[in-house]
Every structure is written in structure tokens, then in C-alpha cells.
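Structure assessment
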Amino acid sequence: MKKFFVFIFLFQSVSSLAQVAANTDLPEVKLRMIYMNRDSFIKPCIESPSPCALAPEELKQASDLLAASPMFEGVEFSGASWVPQLPTTPGTGKLTPLYTSEKRMGAKITINSARLLNAPFKPVAPYELYVESMLGYMFFQPSQKLAPTAALAKKFSLFWGQLFKSFGLEQLKEDRIELLVFKNKEVRILLLDSYQAHFLNAEIMKNLKCDAGSVANVITNYANLGWTQYKTSSMGSKASGRMQLTYECASTTARQAMAADLTFETEFLGADKKQWNSANFLVKVGASRRGGAVRR
């Protein structure tokens, strides 16, 4: 039950991600999500037994970081053309690292935006790379002991990488648009544009078909999810996709497993960075069937 509430808190925090500066891009959105939800990414792993296979000393490290969590001063993104500027390391002419901060627990973490598009933060990168990078730096920040904390971050990333799957648009790589799907006891589907993460579950479920007197209340599984077409123009883009879902219909007296084939059409506004236009999100339900089996 504790883990269930941790997952809910994670998504409540994701939904509070307000739009940020115009320079925002998909890697920044992901790192903000992980930083804002740092406790939720750590807490499930310190249960007993640890689902992340943490050793006793690693459990202590994770617990210590959780205890100090309120001390964190936040995350800031900066680049060569930004204020404050972080283009090079003084006296060296070299670009600053991806992350910089003062060597004390809880100091503000500054991320060099110029490096976000470098490996490993490529378009359609596995979500666990972001988890490992951010949590690894958060452990490394106070300890300055890279080797053991890097191994610890890897365990967190492997755990979360099994739950999050990314489906990105590769046709136009400068448009950072992605579907991010989380599956645990239920399926949560998020759309990430250049600015923030958007939950799609409510919009999808209101289109799912149930018997009279029942409504769709939870998505339980998915298959064959992906983008099918992408068209760009000078001031925006349009994309379509498809998915197969199993879901549960519920009434006051009964629950029933169902499955359906869906297509969706969506629009993104902006000449450069793209922003999802929720008003033009269209979901069409094709074949629906009882029993909740998805065709793979």
C-alpha cells in the first residue's frame, strides 16, 4: 500500500509541472520531473526487501538522502546565452560539466543546457538514463565519492526503467515530443512536449466503451503503442498514433475487463519548440471486446 501511494504522489507532482522558460526542451522536462519527484523515486527502493536490490549500506545512503531532502534548494538550467552564464570553466576554456553545484548537501544544482543534447540525452533516450544521471549526481553531490554512488544510481534506474517506457517522434528530431508510459498496477500515459508533461488517461478513458451503467475507471495494460504519422509546417505540427489497451469498466455492482483498439490525432503549436494543443486531441475507438485481451 505504501508503494502505491508513492506512485500516486509521483504523478501528482508531475501534473504540477508548470510551463517554464522558452528555452525548455524534452531533456529538461524529464530532468525536472525526476528532480521534483526525487523522494518518490527513492522511497519504493528502501522498502524491505528492497525491490531495487539495495545492499544494507546502500539502504542507509538512500535513507540519509531522503532525510536531508527538504534541504535541497532546487534545480536551475543555464547555458552560454543565458543569465547567469555558465559557458566555460574559468581559466580553462572548457565547457562546464553537465551538472555543477557547491560541495554541500542540498546546494542548488545547475544544469548546463548546452550539454543536454549530448549523449546520453539523445532523442528517444531510455528514461532510465535520466533517472541514473540525476539521482547519481544527487548522491554524488554531498559525498564526492563517485564509484559507489554511481552503482547505487544504476540500481534505481534499472528499477524505474522497467516501469517507464518511451515512445518518441524520430521523424523531426528537433521537435522534442514523446509518449511516456508508466505501468505498475495500472497504466499511466503521458505526453511530453518541449515544455511539460501532460496526462492523457482522462481524455482517453472518456472515449472507451463500456456496457450501459458502467464507466472506464482504470487502464490495466497496453500494446502496439506508437506514432503512425507526423506532418510539420512553419507554425506547428500534427501527429497521429495508435495503441491497444485493456481496461476495467465499473458500475456500482460489478467490474468487467475490456479491450479496445484506438487511434489518436494531436496537434503541436510553435515554429520552433512545440507545445501540445489539448483542444485538438482526438481519440477514436475502433474494435472493442470483452475479456480484456490485447492482440500483440
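Here is what the cut-offs are and how they apply
Residues numbered from 1 in each chain as written. Predicted model: local features only at pLDDT ≥ 70, side-chain atom pairs only at ≥ 80, totals over all residues. Heavy atoms only, no water. Helix = DSSP H or I, 4+ residues; strand = E, 2+ residues; numbered from the N terminus. Buried < 20%, exposed > 50% of the residue type's maximum accessible area, 1.4 Å probe, protein only. Contact = heavy atoms within 4.5 Å. Areas by Shrake-Rupley, 256 points an atom, 1.4 Å probe, with all protein chains shown as cover. Core = buried A, V, L, I, M, F, W, Y, C linked by side-chain atoms within 4.5 Å. Disulfide = S-S within 2.5 Å. Phe/Tyr/Trp six-rings, centres within 6.5 Å; stacked < 30°, edge-to-face > 60°. Lys NZ or Arg CZ within 6 Å of the ring centre and 35° of its normal. Expected span 1.5 Å × (residues − 1). Arc of directions from axis to C-beta. Salt bridge = Lys/Arg side-chain N within 4 Å of Asp/Glu carboxyl O. Pairing = 2+ DSSP bridges. Axes fitted to C-alpha atoms, helices over the stretch in contact; angles between N-to-C directions.

**Notes on the overall build of the protein**
From N to C terminus, the protein includes 7 helices and 12 strands. Looking at the protein as a whole, 48% of its 296 residues qualify as buried. A separation threshold of at least 6 residues defines the contact pool for the protein, and within that pool the share at least 24 residues apart is 61%. As displayed, the protein has an accessible area near 14100 Å², and 55% of this comes from carbon and sulfur atoms.

**What about the nonpolar core?**
Ranked by size, the top nonpolar core spans 43 residues in total, and within it Leu31, Tyr99, Ile111, Met134 and Phe156 carry the most contacts. If sequence neighbours within four positions are ignored, Met134 has contacts with Leu31, Ile34, Tyr35, Val75, Tyr99 and Ile111. If you look at the next biggest cluster of nonpolar residues, it comprises 31 residues, including Leu191, Ala216, Tyr222 and Met258.

**Some words on the state of the cysteines**
Here, the word disulfide means a covalent bond between the sulfur atoms of two cysteines. For the structure on display, the rule yields 2 disulfides. Through a disulfide, Cys45 is tied to Cys52; the S-S separation comes to 1.9 Å. Residues Cys45 and Cys52 share a disulfide whose torsion about the S-S bond is about -55°; that sign makes it left-handed. Both residues of the pair, Cys45 and Cys52, belong to the buried class.

**Here's the deal with the environment of Ala114**
Here Ala114 is to be found in the loop between β3 (109-112) and α5 (127-143). When its relative accessible area of 44% is taken as the criterion, Ala114 is described as partly exposed. Sequence-wise, Ala114 and Ser78 are 36 residues apart; in three dimensions their C-alpha atoms are separated by 7.9 Å.

**As for the packing of aromatic side chains**
Enumeration over the complete set of coordinates arrives at 14 aromatic pairs. In textbook terms, an aromatic cluster arises when at least three aromatic residues are bridged by ring pairs, as seen for Phe41, Tyr127, Phe159, Trp160, Phe164 and Phe182. The ring of Tyr35 is capped by Arg38, whose NZ or CZ atom sits 4.9 Å from the centre of that ring.

**A word on helix α4 (residues 56-67)**
Over its 12 residues, α4 runs 16 Å from end to end, which matches the ideal 16 Å to within 8%, given 1.5 Å per residue. The set of residues buried in α4 consists of Glu58, Ala62, Leu65 and Leu66. The arc enclosing the buried residues of α4, seen along the axis, measures out at 105°, which places them on a common side. Structural note: α4 exposes Pro56, Glu57, Lys60 and Ala67 on the side pointing more than 90 degrees away from its buried face.

**Remarks on the pattern of salt bridges**
Using the criterion set out here, one finds 12 salt bridges in the structure. Residues Glu76 and Lys108 are paired through a salt bridge, measuring 3.9 Å at the closest nitrogen-oxygen approach. With Glu76 in strand β1 (residues 75-78) and Lys108 in the loop between β2 (99-100) and β3, this residue pair connects regions lying 32 residues apart in the sequence. Judged by its relative accessible area of 26%, Glu76 is partly exposed. In this structure, Asp261 engages Arg289 in a salt bridge whose closest nitrogen and oxygen atoms are separated by 3.2 Å. Here Asp261, found in strand β10 (residues 255-269), pairs with Arg289, found in strand β12 (residues 282-290); they are 28 residues apart in sequence, far enough to count as distant.

**Examining the sheet that holds strand β7 (residues 197-199)**
Hydrogen bonds along the backbone pair up the strands of a sheet, which may run parallel or antiparallel. Pairing in this open sheet of 4 strands is antiparallel, and the strands run β4-β5-β6-β7 from one edge to the other. At either margin of the open sheet sits one strand with a lone partner, and together these are β4 (164-168) and β7. Strand-to-strand twist across the sheet, computed as the mean angle between neighbouring axes with direction ignored, equals 25°. The strands touched by helix α2 (residues 26-36) are β4, β5 (178-183), β6 (187-192) and β7; relative to β6, the strand with the most contacts, the crossing angle is about 135°.

Don't take any of this as a statement about function, it's just geometry.
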